[in-house]
Amino acid sequence: MSRWNILVVGAGSREHAILWKLRQSARVGQLHCAPGNGGTPAVAESVPIRVSDVDAIADWAAGHSIDLVVVGPEDPLALGLSDRLMARGIPVLGPTAAGARIESSKRWAKELMREVGVPTADYRAFLDADEAWRYARDRSYPLVVKADGLAAGKGVVVARTPDEARRAISAAMTEAVFGDAGRTLVVEDYLEGEEMSLLAFVDGCKVAPLAPARDHKRVGDGDVGPNTGGMGTIAPTRVANAIGLEGLTHRILKPVVAALDARGIIYRGVIFANLMLTADGPKVIEFNCRLGDPETQVVLPLLADDLAEIAYATATGELRSGPLAVRPGYRCGVVLTSGGYPGPYQTGLPIEGVDRIDPDALVFHAGTRLVDGTLVTAGGRVLTVVGQGDSLAAARDHAYANVEPIHFEGAYCRHDIGVREL
Ligand code: AMP
Ligand code: GLY
């Protein structure tokens, strides 16, 4: 059996989790990570190329007999990394730039959903601030104002009052705080309900969902404070129970995948629907063109199948359809951040105790760096600690027990990850 040399692109906790899962496969030979972080050298060789340097990544992969590239973040996909790899005949998990528009243009994604009848919030898109305001002032509140393009998770404002909406429109369109990403705005109705993350592999036409997960985006306990990249996750989530994974796949993912295919877009990668379970059924908040972070850190440990085989099959159009084999039980991931995140924070602080966690708990690195053999902080989200258990309560207890031995100055985490589902 030939073994695959795999390159994972990214520097976060998600990519560390992908590498950890790939390492368990008998099909995997060498593992590389571009650029990686302070934790990834334990499982893969680091390649010092930034994720946005898509030409350099494609050249490197072509020059190092890489059999498969797995792309973590959205930016390189939107910049056409997959197009470049496919042009060189290298299989890649991640859609072309045309497919990545499902995340990189909210307007485009909304139009696609409207066209195929996938439920989402009512909206209108605008290129002009005055027109956006004339629409917004007469809607009911809260109202959601979204920058069309990629804005590092900061482009969404849930306005409680017309005045807040006016300020959000002006910030994006007149002051251009999101640059080009905010030139077009989507103004949409507020959806009330419970949120969940539905992730699935797509090989162009077949769809294979992972365990449904729940993210915790706000920085503070009780879902207060500013949005972050994600403070913790649980899987599976009971939010999916009402309709079931099969039903959600059928109603939400399959029509969108069919529409992409009908447009001649090669979508081989992961599709991630952020859903709101409303009183009128599930509605799409947004789509992402990649695995979620921190969803990946809990859904991959629940995956019983071989990730390398699934990723390779997805990248080459050979995926089996239907749900993937899932392990029993629950996983709970708690994100440890630098003090001050998502605002300004200090870096370079020594991290202690990651070697003192239980053998069956997991620590995935994000903003960490090795400096002369010492692990130090290097970003806002620093680590994800993942616990497991037969019940959600047990998985939570396990995660928090393993947060305990880890220390760095100013370390912060939410203490209520998963509490709403107990
Ligand atoms: P995003 O940055 O697009 O992931 O959005 C951040 C968060 O804003 C989402 O996770 C939701 O909690 C919230 N959000 C976005 N759109 C809506 C909406 N139409 N209704 C309610 N909440 C929303
Ligand atoms: N956890 C949400 C995301 O990855 O966008």
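Preceding this paragraph is the structure being described.
What counts and what doesn't
Residues numbered from 1 in each chain as written. Chains lettered and ligands numbered in written order. Predicted model: local features only at pLDDT ≥ 70, side-chain atom pairs only at ≥ 80, totals over all residues. Heavy atoms only, no water. Near = heavy atom within 4 Å. Polar contact = N/O pair within 3.5 Å; in protein donor to acceptor, adjacent residues only side chain to side chain. Areas by Shrake-Rupley, 256 points an atom, 1.4 Å probe, with all protein chains shown as cover. Nonpolar A, V, L, I, M, F, W, Y, C, P; charged D, E, K, R; others polar. Core = buried A, V, L, I, M, F, W, Y, C linked by side-chain atoms within 4.5 Å. Buried < 20%, exposed > 50% of the residue type's maximum accessible area, 1.4 Å probe, protein only. Helix = DSSP H or I, 4+ residues; strand = E, 2+ residues; numbered from the N terminus. Contact = heavy atoms within 4.5 Å. Pairing = 2+ DSSP bridges. Axes fitted to C-alpha atoms, helices over the stretch in contact; angles between N-to-C directions.

(A) Looking closely at the site of ligand 1. Every one of the 16 residues lining ligand 1 counts as a neighbour, but Glu 188, Leu 191, Glu 195, Lys 217 and Glu 286 are closest to it. Between ligand 1 and the protein, one listed contact pairs an oxygen atom with a side-chain N or O atom of Lys 106 at 3.5 Å. One of the side-chain nitrogen or oxygen atoms of Glu 188 is found 2.7 Å away from a nitrogen atom of ligand 1. A total of 480 Å² of accessible area belongs to ligand 1 in isolation, and the protein chains cover 91% of it. Looking at the shell around ligand 1 residue by residue, the class counts come to six nonpolar, three polar and seven charged.

(B) Region of interest: the nonpolar core. Counting 48 residues, the largest nonpolar core has Leu 7, Val 69, Ile 102, Leu 253, Ile 271 and Phe 287 as its most contacted members. Considering every element that reaches this core, the biggest residue donor is helix H9 (residues 244-262), with seven residues. Each residue touching Ile 271, except ones within four places of it in the same chain, is listed here: Ile 102, Leu 198, Leu 199, Ala 200, Val 202, Leu 253, Val 256, Phe 287 and Asn 288. Residues Leu 22, Leu 291, Leu 303 and Ala 315 belong to the second largest nonpolar core, which totals 40 residues.

(C) Spotlight on the sheet that holds strand E6 (residues 123-126). If you walk across this open sheet you meet the four strands as E6-E9-E7-E8, and the pairing is antiparallel. Either end of the sheet is taken by a strand with one partner, and the two such strands are E6 and strand E8 (156-159). For this sheet, the mean inter-axis angle between neighbouring strands, taken without regard to orientation, is 20 degrees. Inspection of the sheet shows strand E7 (residues 143-147) paired to strand E9 (residues 185-189) by five bridges, in the antiparallel sense. From the neighbouring strand, Lys 146 faces E9, where its bridge partner is Val 186. Packed on one face of the sheet, helix H7 (residues 129-136) meets E6, E7 and E9 and runs near 160 degrees to E6.

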